[in-house]
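Coordinate analysis (summary)
Residue strings, one per chain:
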Amino acid sequence: MTTSLIETERSLVTKVAKGLLKCLDTRDAHEFTRCHIQNSVNIHYSKLQHLWFQLPAKQVPLVVVEDGIHGIDENEQGTCGSQLKDRGWLVEKSIIANESLWNWCRENGFLEEGTSKQVLFSPSPHLAAVIDKIETAFAPKKTARVLDIGCGSGRDLAWLCFRSKFQWMVSALDAEKRAINRFTDFFEQLNLESRVEDACVAKVDQNGLWTLYTREGKRVTDQEGLTTASFLSSNFRFNESEKFDLILQIRFLNRALLKDTAEMLNKNGFLFLCTFTDDGKTVYEYPKTQDHRLQKGEIKKLVAKLDGLELVCDDIGYIEDGRPVEVVLIQKTN
Ligand SMILES: C[S@@+](CC[C@H](N)C(=O)[O-])C[C@H]1O[C@@H](n2cnc3c(N)ncnc32)[C@H](O)[C@@H]1O
């Protein structure tokens, strides 16, 4: 069979099919379902503007399969691949979907049908680095409950749900209704609804007290100024005998909440905290104040004051743009 696929395209498609390179396919869902490169992920060009969080980090190489006509923003020049490049993504190549591509993929066993079975986004690399340690601590149990405070779109929760050897049941919390609505859509799109136990729009204040909001963003008047325990027991599957095995606070800091950590966790459960810090070297603008930046030695002092908690690790890491974060793992010991 003749093909007009150039050598570079063949090599990139092979890498995608082998799971060595990420591939975004921006065509219509029905065309993607009919045929696509194995391991590629479908996000329609018209939805990309609302789904940046589902893309890989900007420095991760990416191939885009597209129809060669449509862009992300019709007021801009170019198609999806070039518009993503203009926005800073590392697009190795745009490949136009055509019969030559599918024939070549078919001949080489790289053709797949159906919906996306992969995701493009990556979790917090710092969470990924400690997750085996966390799951191993729960052995022989193979299922556990996680609560993400300040979950955003739920990227880390979704990633946990894709762990193959361990089943995570998730609960999500964020002060922004947009975040929780996005989380809900995201989990629906990934067919992960059965993994969600609870999701709430709620805000914790500087004293560690909670206020619940509706999904439309209205304050719920009988759910204001609640302690963590009473807020969780009214709105989550949470009681004396059913607590969380893992609490995530990623790029979110509320010092007052730390004192409630032991109360929220099952025995041997963990708090994973990864938040901006002053490392004494890096100068950065946002977040501006110490309210959102841990200070050197602060976590050690805070944990030392809390009963039943042990600091398992406390390291400095860096996020994609070079800002320093403190990566902290705390375990409940009794
Ligand atoms: C920088 S984002 C991080 C999101 C997510 N954890 C991640 O790493 O992608 C911080 C999140 O915390 C939420 N947040 C900020 N203050 C909050 C508060 N007081 N109570 C609950 N959520 C809050 C924000 O709405 C936002 O979604």
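Here the structure is a predicted model, which is why all the values come from computation and not from measurement.

**Observations regarding the domain arrangement of the protein chain**
When the domains of the protein chain are assigned, the result is domain 1 (7-112) and domain 2 (125-332). The straight-line distance from the C-alpha centre of domain 1 to that of domain 2 is 33 Å. Taken together, the five residues of domain 1 in the interface contact five residues of domain 2. Interface of domain 1 and domain 2: buried area, both sides summed, is about 480 Å²; carbon and sulfur atoms make up 57% of it. When residues of domain 1 are sorted by the area they lose upon contact with domain 2, Phe53, Gln54 and Gln59 head the list and together hold 78% of the total.

**What about the pattern of salt bridges?**
A side chain with one charge can pair with a side chain of the opposite charge if their charged atoms come near. According to the stated counting rule, one finds 17 salt bridges in the structure shown. Residue Arg163 is joined to Asp132 by a salt bridge in which the shortest nitrogen-to-oxygen separation is 2.9 Å. Of this pair, Arg163 sits in the loop between α6 (155-161) and β8 (167-174) while Asp132 is found in helix α5 (residues 125-137), placing the two residues 31 residues apart along the sequence. The closest approach of N and O atoms between Lys288 and Glu285, which form a salt bridge, is 3.5 Å.

**Brief notes about the nonpolar core**
Ranked by internal contacts, the top residues of the largest apolar core, which has 57 residues, are Leu84, Ile134, Trp168, Phe187, Leu246, Leu248 and Phe272. The leading source of residues in this core is α6, at five residues. Domain assignment of the residues forming this core places at least three in each of domain 1 (7-112) and domain 2 (125-332). Dropping the residues within four chain positions of it, Leu84 is found in contact with Leu24, Trp52, Leu55, Leu62, Val64, Ile72, Trp89 and Val91. Among the nonpolar cores identified, the runner-up in size contains 30 residues, and Val204, Val220, Ile299 and Val303 belong to it.

**Focus on the site of the ligand**
Around the ligand sit 13 residues, and of these Gly150, Asp174, Val204, Ile250 and Arg251 come closest. One of the backbone nitrogen or oxygen atoms of Gly150 is found 2.7 Å away from a nitrogen atom of the ligand. In isolation the ligand exposes 600 Å². Once the protein is present, 75% of that is buried. Among the elements that line the shell around the ligand, the one with the most residues is strand β9 (residues 196-204), at three residues.

**Describing the sheet that holds strand β11 (residues 244-250)**
Taken in spatial order, the eight strands line up as β10-β9-β8-β7-β11-β12-β14-β13 in an open sheet, and their pairing is mixed. Only two strands of the sheet have a single neighbouring strand rather than two, namely β10 (210-213) and β13 (309-318). Averaged over all pairs of adjacent strands, the angle between their axes in this sheet comes to 25°, without regard to strand direction. Bridge count for β9 against β10 is four bridges, and the pairing is antiparallel. Following the sheet pairing, Lys203 is matched in β10 by Thr211.

**Notes on the environment of Asp28**
Residue position: Asp28 is located in the loop between β1 (22-25) and α2 (29-34). Among the residues examined, Asp28 registers a relative accessible area of 29% and is labelled partly exposed. C-alpha separation for the pair Asp28 and Ser46, spaced 18 residues apart in sequence, amounts to 9.5 Å. Leaving out residues up to four positions away in the same chain, Asp28 has contacts with Asn42 and His44. Looking at Asp28, its side chain comes within polar contact range of the side chain of His44, at 2.7 Å.

**What to know about the environment of Lys117**
Counting through the fold element by element, Lys117 comes out in the loop between β6 (111-112) and α5. Look at Lys117 and you get exposed, because its relative accessible area is 51%. Counting along the chain gives 76 residues from Lys117 to Val41, while the straight-line C-alpha distance between them is 7.4 Å.

**Concerning the UniProt feature "domain: Rhodanese" (unreviewed entry) in the protein chain**
On the UniProt side, "domain: Rhodanese" (unreviewed entry) is annotated at positions that read residues 24-48 here. With 24% helix and 24% strand, residues 24-48 has its two end C-alpha atoms placed 11 Å apart.

**Looking at α5**
Along α5, the largest kink reaches about 40° and is centred on Ile131. Where α5 is concerned, the buried positions are His126, Leu127, Val130, Ile131, Ile134 and Glu135. Among the structural elements, α6, β8, β11, β12 (265-276), β13 and β14 (324-332) are those in contact with the buried residues of α5.

**What about the sheet that holds strand β4 (residues 62-66)?**
Across the sheet, four strands lie side by side as β3-β1-β4-β5; this open sheet has parallel pairing. Each edge of the open sheet is held by one strand with a lone partner, namely β3 (41-42) and β5 (91-96). Taken together, the four bridges between β1 and β4 define a ladder with parallel strand orientation. The partner of Leu24 across the bridge, within β4, is Val64. Lying on the sheet, helix α1 (residues 7-17) is in contact with β1, β4 and β5; it crosses β5 at an angle near 105°.

Calculation notes
Residues numbered from 1 in each chain as written. Predicted model: local features only at pLDDT ≥ 70, side-chain atom pairs only at ≥ 80, totals over all residues. Heavy atoms only, no water. Domains from an automatic or database assignment. Contact = heavy atoms within 4.5 Å. Buried area = accessible area lost by both parts, 1.4 Å probe. Salt bridge = Lys/Arg side-chain N within 4 Å of Asp/Glu carboxyl O. Helix = DSSP H or I, 4+ residues; strand = E, 2+ residues; numbered from the N terminus. Core = buried A, V, L, I, M, F, W, Y, C linked by side-chain atoms within 4.5 Å. Buried < 20%, exposed > 50% of the residue type's maximum accessible area, 1.4 Å probe, protein only. Near = heavy atom within 4 Å. Polar contact = N/O pair within 3.5 Å; in protein donor to acceptor, adjacent residues only side chain to side chain. Areas by Shrake-Rupley, 256 points an atom, 1.4 Å probe, with all protein chains shown as cover. Pairing = 2+ DSSP bridges. Axes fitted to C-alpha atoms, helices over the stretch in contact; angles between N-to-C directions. UniProt positions renumbered as here; feature names shortened; annotations may be inferred. Bend = angle between axes of the 7 residues up to and from the residue.

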